[in-house]
Amino acid sequence: MPFRFVHTADIHLDSPLRSLALRNGELANLIGGATRQALVSVVDLCLEEQVDALVIAGDLYDGDQTSMKTARFLASQLERLHQGGIAAYVIRGNHDALSRITQELVLPPSVKIFGARAEVVACGGRGLSVAIHGMSFSKPQAPEGLLPKYMAPVPDAVNIGLMHTSLAGAPGHDVYAPCNVADLHASGFDYWALGHIHQRRHHQGGRSVVMPGMPQGRDINEAGAKTVSLVTIADDRSITIEERLTSVAQFERLNVDLGGLSEWRDAATAIEIALSGLRERTASPQLVTRLRLVGETPLAWKIRRDIDLMQAEAEQRSDRLGNTWVEKIELAVQPPGEIKRATADPVSELRQLMRDDVLARSGFRDQIGDMVRDLLADLPPESRHFAGDDEAGFDRFLDDLLVKGSEDIAARMSAADRDDD
């Protein structure tokens with residue numbers, strides 16, 4: 001009979017909220033519990049498909065957690081698998097190595113957590129001989145490759161390897177246990193169950209090498225539907241890999257073009273139409289969007305001044321759609337180039353002076369840069385990429401920040417002036 005298992009990784013159970021824009025309490029509760037719901041979805045899938053095993057390739061936890069509520073929840077889900085006759089094979093990733101409760105939690109006997117030295121265990125027993133190899137992180141850092149430390153493939157068995165690795169490196173991820181995909185294909189293992197990189201990828205080649213991504217995104221930088229792999233190894237050792245949806249909440253960025261619109265109501269309607277289209281394309285039950293308003297419109301300065309009102313308009317329309325949330329609105333709208341005052345416009349002149357001044361004055365720019373760097377130092381590494389991944393990217397971010405600040409000040413002054421006309 002075939003051997004079937006579900007492969008997942010990077011659950012980051014009870015990961016703390018990282019988005020400063022989650023000011024809606026109901027939305028915060030939804031996202032705060034999403035990693036738990038994703039794990040429930042994974043266990044549900046295992047039970048519905050009556051698989052032989054669940055394979056977790058690291059980062060069950062999210063670091064130095066002390067809450068036993070997290071531990072008890074995890075134990076309850078693994079107990080569901082145990083009662084269903086499904087084994088679980090787990091390696092510790094870099095975040096698990098930091099977790100204090102990892103060592104303390106008592107799990108069902110059907111759960112195998114691999115140690116810091118390479119191990120191999122036999123499983124299957126329904127026709128195919130299957131050997132599962134694994135090795136956990138003992139420390140948060142793993143600068144050297146782990147592949148040479150794994151045991152050789154077991155002869156005449158289907159060999160499945162679990163490894164938490166950054167491979168050759170990926171944007172947004174620090175280097176952990178680096179290795180070459182070509183070496184994995186040449187290792188003699190039939191299936192490599194990887195973890196650590198949060199984007200799904202099937203590395204094609206002579207063997208099956210799969211990075212499943214995470215089963216649930218946690219903020220806008222982990223956008224898109226999230227899934228796990230349902231793997232079937234047939235009696236002839238052929239492998240079928242199916243992608244199954246697990247994310248409860250799906251983050252997406254959405255551009256809304258307000259070009260040419262001059263009425264507030266029309267702008268709100270354009271947002272609703274764009275949200276409706278995205279909602280129809282969204283696979284997950286809940287949609288969490290970050291809107292970016294673009295285009296040339298006479299409303300540009302009013303929208304900048306009254307961004308809180310536009311946020312309320314967007315939230316009202318997302319409520320109508322159901323299971324749709326607006327996490328934040330970003331502005332890239334501009335007033336039409338042809339709009340000019342009949343007389344000299346002092347606000348426009350001040351706006352241009354501010355833009356020229358903040359970009360030209362190196363002392364002021366350096367002060368703002370230092371403030372941003374201090375903020376970045378307080379954030380976890382995976383949350384720092386909004387400010388660029390190199391010096392040039394940081395400079396572009398800083399210029400954009402300074403220009404937008406001057407635009408916001410000018411917008412409020414100009415809108416107030418027009419309201420008095």
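Remember, it's a predicted structure, so these values are computed and weren't measured experimentally. In this numbering scheme, every chain counts its residues from 1 along its sequence in written order. Local features in this predicted model are restricted to residues whose pLDDT is 70 or higher, and side-chain atom pairs enter the listing and the counts only when it is 80 or higher, whereas totals over whole chains, interfaces and linings include all residues. To obtain the side-chain values, all non-hydrogen atoms of the structure were included, while hydrogens and water were left out.

## Comments concerning the sheet that holds strand β11 (residues 227-233)
Here is step 1: Spatial ordering of the open sheet is given by β4-β3-β2-β1-β11-β12, a layout of six strands whose pairing is mixed. The open sheet is flanked by β4 (111-113) and β12 (239-245), the only strands paired with a single partner. On average, each strand axis in the sheet is inclined to that of its neighbour by 20 degrees, with strand direction left out of account.
Here is step 2: Bridging between strand β3 (residues 87-91) and β4 involves three bridges; their strand directions are parallel. Residue pairing in the sheet places Tyr89 in a bridge with Lys112 of β4. The pairing criterion for strands is at least two bridges between them, as found by DSSP. The helix and strand labels rest on DSSP assignments: H or I over at least four residues marks a helix, E over at least two residues marks a strand, and numbering proceeds from the N terminus. Here, axes are lines fitted to C-alpha atoms. For helices the fit covers the stretch in contact, and angles between N-to-C directions go from 0 to 180 degrees.

## Thoughts on the pattern of salt bridges
Here is step 1: The working definition used for a salt bridge is a side-chain nitrogen of Lys or Arg within 4 Å of a carboxyl oxygen of Asp or Glu. All chains considered together, the criterion is met by 16 salt bridges.
Here is step 2: We note a salt bridge from Asp44 to Arg80, for which the minimum N-O separation is 2.5 Å. Residue Asp44 is located in helix α2 (residues 34-49), and its partner Arg80 is located in helix α3 (residues 68-83); the two are separated by 36 residues in the primary sequence.
Here is step 3: Residue Arg80 is classed as partly exposed on the basis of its relative accessible area of 29%.
Here is step 4: Between Lys112 and Glu119 there is a salt bridge, and its shortest N-O distance comes to 2.8 Å.
Here is step 5: We classify Glu119 as partly exposed; its relative accessible area is 24%. When accessible area is computed with a 1.4 Å probe and restricted to protein chains, residues below 20% of their type maximum are described as buried, those above 50% as exposed, and intermediate ones as partly exposed.

## What about the packing of α2 against α3?
Helix-helix packing: each pair is described by the crossing angle between the helix axes and the interaxial distance.
Here is step 1: Look at α2 against α3: their axes get within 9 Å of each other, and the N-to-C directions meet at 10 degrees. Relative to α3, the element α2 lies roughly parallel. Contact with α2, carried on its side by Arg36, Leu39, Val40, Val43, Asp44, Cys46 and Leu47, involves Lys69, Thr70, Phe73, Leu74, Gln77, Arg80 and Leu81 of α3 and no other residues of that element.
Here is step 2: Of the residues in the contact of α2 with α3, the class split is eight nonpolar, two polar and four charged. Orientation labels follow simple angle bins: below 35 degrees gives roughly parallel, above 145 gives roughly antiparallel, 65 to 115 gives roughly perpendicular, and whatever is left gives oblique. Contacts between residues were defined by any pair of non-hydrogen atoms, one from each residue, lying within 4.5 Å. Think of it as three bins: nonpolar holds Ala, Val, Leu, Ile, Met, Phe, Trp, Tyr, Cys and Pro, charged holds Asp, Glu, Lys and Arg, and polar takes everything else, Gly as well.

## A word on the sheet that holds strand β14 (residues 286-296)
Here is step 1: Across the sheet, three strands lie side by side as β13-β14-β15; this open sheet has parallel pairing. In this open sheet, the two strands that pair with only one neighbour each are β13 (249-257) and β15 (324-334). Across the sheet, the mean angle separating the axes of adjacent strands is 15 degrees when strand polarity is ignored.
Here is step 2: Helix α1 (residues 25-32) contacts β13, β14 and β15 of the sheet and is inclined by roughly 115 degrees relative to β15.
Here is step 3: Sheet strands touched by helix α7 (residues 264-281): β13, β14 and β15. Its angle to β14, the strand with the most contacts, is close to 140 degrees.

## Quick notes on the packing of aromatic side chains
Here is step 1: Here a Phe, Tyr or Trp ring, Trp counted by its six-membered ring, pairs with any other such ring whose centre lies within 6.5 Å, and the pair is stacked when the planes are under 30 degrees apart, edge-to-face when over 60, and tilted otherwise. Applying the stated criterion across every chain yields a total of four aromatic pairs.
Here is step 2: Aromatic side chains Phe189 and Trp192 sit 4.5 Å apart centroid to centroid with 20 degrees between the ring planes, which places their arrangement in the stacked category. Like Trp192, Phe189 is buried.
Here is step 3: Members of the aromatic cluster, connected to one another through ring pairs, are Phe3, Phe5 and Tyr191.
Here is step 4: Here the guanidinium or amino end of Arg36 rests over the ring plane of Phe73, the centre of that ring lying 4.6 Å away.
Here is step 5: Above the ring of Phe114, the side-chain terminus of Lys112 is found at 5.5 Å from the ring centroid. Counting as a charge over the ring demands two things of the Lys NZ or Arg CZ atom: a distance within 6 Å of the ring centre and an angle within 35 degrees of the ring normal.

## Observations regarding the pairing of β13
Here is step 1: In this sheet, β14 lies alongside β13 in parallel orientation, the contact comprising nine bridges. Counted as the bridge partner of Ala249 is Gln286 from β14.

## Things to note about the confidence of the model for the chain
Here is step 1: pLDDT measures the predictor's confidence residue by residue and takes values from 0 up to 100. Predicted confidence across the chain gives a mean pLDDT of 84, with 77% of residues reaching 70 or more.
Here is step 2: Counted against residues more than four places away or in other chains, residues 338-343, with its pLDDT under 50, gives five contacts.

## Topic: the nonpolar core
Burial of nonpolar side chains together is a common tendency in soluble globular proteins.
Here is step 1: Think of a nonpolar core as a cluster: buried Ala, Val, Leu, Ile, Met, Phe, Trp, Tyr and Cys residues, connected wherever their side-chain atoms sit within 4.5 Å. The biggest cluster of nonpolar side chains holds 27 residues, and the ones touching the most others in it are Val6, Leu39, Cys46, Leu54, Leu60, Leu74 and Leu81.
Here is step 2: The set of elements that each furnish at least two residues to this core consists of α2, β2 (53-57), α3, β3 and β11.
Here is step 3: The contacts of Leu81, once residues within four sequence positions are left out, are Val43, Cys46, Leu54, Ile86 and Ala88.
Here is step 4: One finds Ala53, Ala57, Val130 and Val158 within the second-largest nonpolar core, a separate group that totals 23 residues.

## Notes on the environment of Glu330
Here is step 1: Checked against the element boundaries, Glu330 lands in strand β15.
Here is step 2: For Glu330, a relative accessible area of 24% corresponds to the partly exposed category.
Here is step 3: The spatial distance from the C-alpha of Glu330 to the C-alpha of Leu254 is 10.0 Å, given a sequence separation of 76 residues.
Here is step 4: Apart from residues lying up to four places away in sequence, Glu330 is in contact with Arg253, Arg290, Leu291, Arg292 and Leu293.
Here is step 5: For Glu330, the side chain forms a polar contact with the side chain of Arg290, separated by 3.4 Å. Distance and chemistry together define a polar contact, namely a pair of N or O atoms within 3.5 Å, with one atom able to donate a hydrogen and the other to accept it when in protein, and with adjacent residues in sequence counting only for side-chain atoms on both sides.

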